[in-house]
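What follows is the residue order along each chain.
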2 protein chains.
Amino acid sequence: MKLSPLEKLCREKGLRMTEQRRIIVRVLSEAQDHPDVDEVYQRASKIDSKISLATVYRTLRLFEEAHILERHEFGDGRSRYEEASCQHHHHLIHIQTGQIIEFNDDRVENLLKEIAENLDCQLVGHRLDLYGVPLKGIKRKVEYYDA
Amino acid sequence: MKLSPLEKLCREKGLRMTEQRRIIVRVLSEAQDHPDVDEVYQRASKIDSKISLATVYRTLRLFEEAHILERHEFGDGRSRYEEASCQHHHHLIHIQTGQIIEFNDDRVENLLKEIAENLDCQLVGHRLDLYGVPLKGIKRKVEYYDA
DNA sequence: TTATGTGCAAATACTTTGCCTTTAC
DNA sequence: GTAAAGGCAAAGTATTTGCACATAA
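## As for the side chain of H72(B)
Residue and element names in this part refer to chain B. Here H72 is to be found in strand β1 (residues 69–73). When its relative accessible area of 13% is taken as the criterion, H72 is described as buried. Looking at H72, its side chain comes within polar contact range of the side chain of E82, at 2.7 Å. Beyond its immediate chain neighbours, meaning those up to four positions away, H72 contacts H34, R78, S79, R80, E82 and H91.

This is how it looks when you write it as structure tokens:
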């Protein structure tokens, strides 16, 4: 049987694979957005209606700690998850619509590293969320990666 | 009677001043750290032991909405507050000690604005937290403001 | 087989709210 | 005097946990 990339990752990390974990992994790998726990639970329930919310919480946390998923808090009090992609990025949140655009910019990364070092710290992580309103004019829907 | 700067701010915003609000304002203006709600409640209780936690919550939220205080979430699930200083800044959190260092850097500010505009957005807010571990060698305790 | 995971419901942590009393202006 | 604020306890929301049963390896 062919394993999905995420399931392969789980094996490599020595995580026991159960039907529920497979479902949750699948939900996240198919997600194009940043679902919160209840949303993951809803989507998982459509695949297996007997899955429990506690299992979803436990699994998401486990996967977060294994760096298979990333957890975000965008200020509404709920944890949101996404696949930990190899592509590091940040989020721009449209404050009116809640739409989230991902972006990355090496200049930011380098600058933050430098700032931390000036404060005698090694940078081990950072969180950067932008909040914005659309400028009038042409909208573009594409994601923006400044390589 | 002489008003504290924060209390003056409250007046300007048309907020009715009560004994409890005065105490909470005082606690925050004396704070050198980023206390969570319960910590504010503890400190306020030392001044007036009859103050209630609900009032602390209500007041902190009110003051946050009036931009008299700023609320932060540093990932431990609690809201933390500080005086909304005229000096915009971000936070570097020492992940081992929880110590928080404030910093500011115009290059970051300009860069974020530019990135948002490239994404057809006007930047209306942003959150930037760095997580780090101390580099070996001299530690400095001063706050860092890169004007 | 047996350590590990799951489901369920109860517990916890943080925060908000209803309602009646108190207070600022 | 009256609209607004406070105190208290109950309710809400997000998340975790204890325990008996189920299951992957």
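Resuming the write-up.
## Topic: the protein's contact with DNA strand C
Around DNA strand C, the structure places 20 residues, and the nearest of them are T18(A), Q20(A), T55(A), R58(A) and Y57(B). Each atom of DNA strand C within 4 Å of the protein was classed as base or backbone; sugar and phosphate made up 71%. For DNA strand C, a phosphate oxygen lies 3.0 Å from a polar atom in the side chain of S79(B). Elements with a contribution of two residues or more to the surface near DNA strand C: α2 (19–30) and α4 (53–65) of chain A together with α4 (53–65) of chain B. Ranked by residues supplied to the surface near DNA strand C, first place goes to α4(B) with four residues. Along the lines of polarity and charge, the residues of the surface near DNA strand C split into six nonpolar, six polar and eight charged.

## Looking at the environment of Q87(A)
Tracing the sequence through the fold places Q87(A) in the loop between β2 (79–83) and β3 (90–94). Along the backbone, Q87(A) and I115(A) are 28 residues apart, and their C-alpha atoms lie at a distance of 22 Å.

## A look at the relation of the copies chain A and chain B
By a simple turn and slide, chain A fits onto chain B: the slide is 0.0 Å along the axis, the RMSD is 0.1 Å, and the turn is 180 degrees. In short, the pair behaves as if placed about a two-fold rotation axis. Taking C-alpha positions as the reference, the residue of chain A nearest the rotation axis is L128(A), at 2.3 Å. Of all interface residues in chain A, 100% are interface residues in chain B too; the two copies therefore contact each other through one and the same surface.

## Brief notes about the environment of I95(A)
Within the element layout of this structure, I95(A) appears in the loop between β3 and β4 (100–105). A sequence separation of 37 residues divides I95(A) from G132(A), and the C-alpha atoms of the two residues are 6.0 Å apart.

## What about the interface of chain A and chain B?
Each partner contributes to the interface: chain A provides 38 residues, whereas chain B provides 38 residues. Taking both partners together, chain A and chain B bury about 3600 Å²; carbon and sulfur atoms supply 63% of that area. Of all residues in chain A, the largest losses of buried area upon contact with chain B belong to L119(A), D120(A) and R127(A), amounting jointly to 19% of the total for that side. Inspection of the region where chain A meets chain B yields four salt bridges. Of the charged contacts in the structure, one is a salt bridge between E114(A) and R107(B), with a shortest N-O distance of 3.1 Å. Connecting chain A to chain B are 14 residue pairs in polar contact (both at pLDDT 80 or more). The set of elements that each furnish at least two residues to the side of chain A that touches chain B consists of β3, β4, α5 (106–118) and β5 (121–134) of chain A.

The rules behind the values
- Residues numbered from 1 in each chain as written.
- Chains lettered and ligands numbered in written order.
- Predicted model: local features only at pLDDT ≥ 70, side-chain atom pairs only at ≥ 80, totals over all residues.
- Heavy atoms only, no water.
- Helix = DSSP H or I, 4+ residues; strand = E, 2+ residues; numbered from the N terminus.
- Buried < 20%, exposed > 50% of the residue type's maximum accessible area, 1.4 Å probe, protein only.
- Polar contact = N/O pair within 3.5 Å; in protein donor to acceptor, adjacent residues only side chain to side chain.
- Contact = heavy atoms within 4.5 Å.
- Near = heavy atom within 4 Å.
- Nonpolar A, V, L, I, M, F, W, Y, C, P; charged D, E, K, R; others polar.
- Least-squares fit on C-alpha atoms with pLDDT ≥ 70 in both.
- Buried area = accessible area lost by both parts, 1.4 Å probe.
- Salt bridge = Lys/Arg side-chain N within 4 Å of Asp/Glu carboxyl O.

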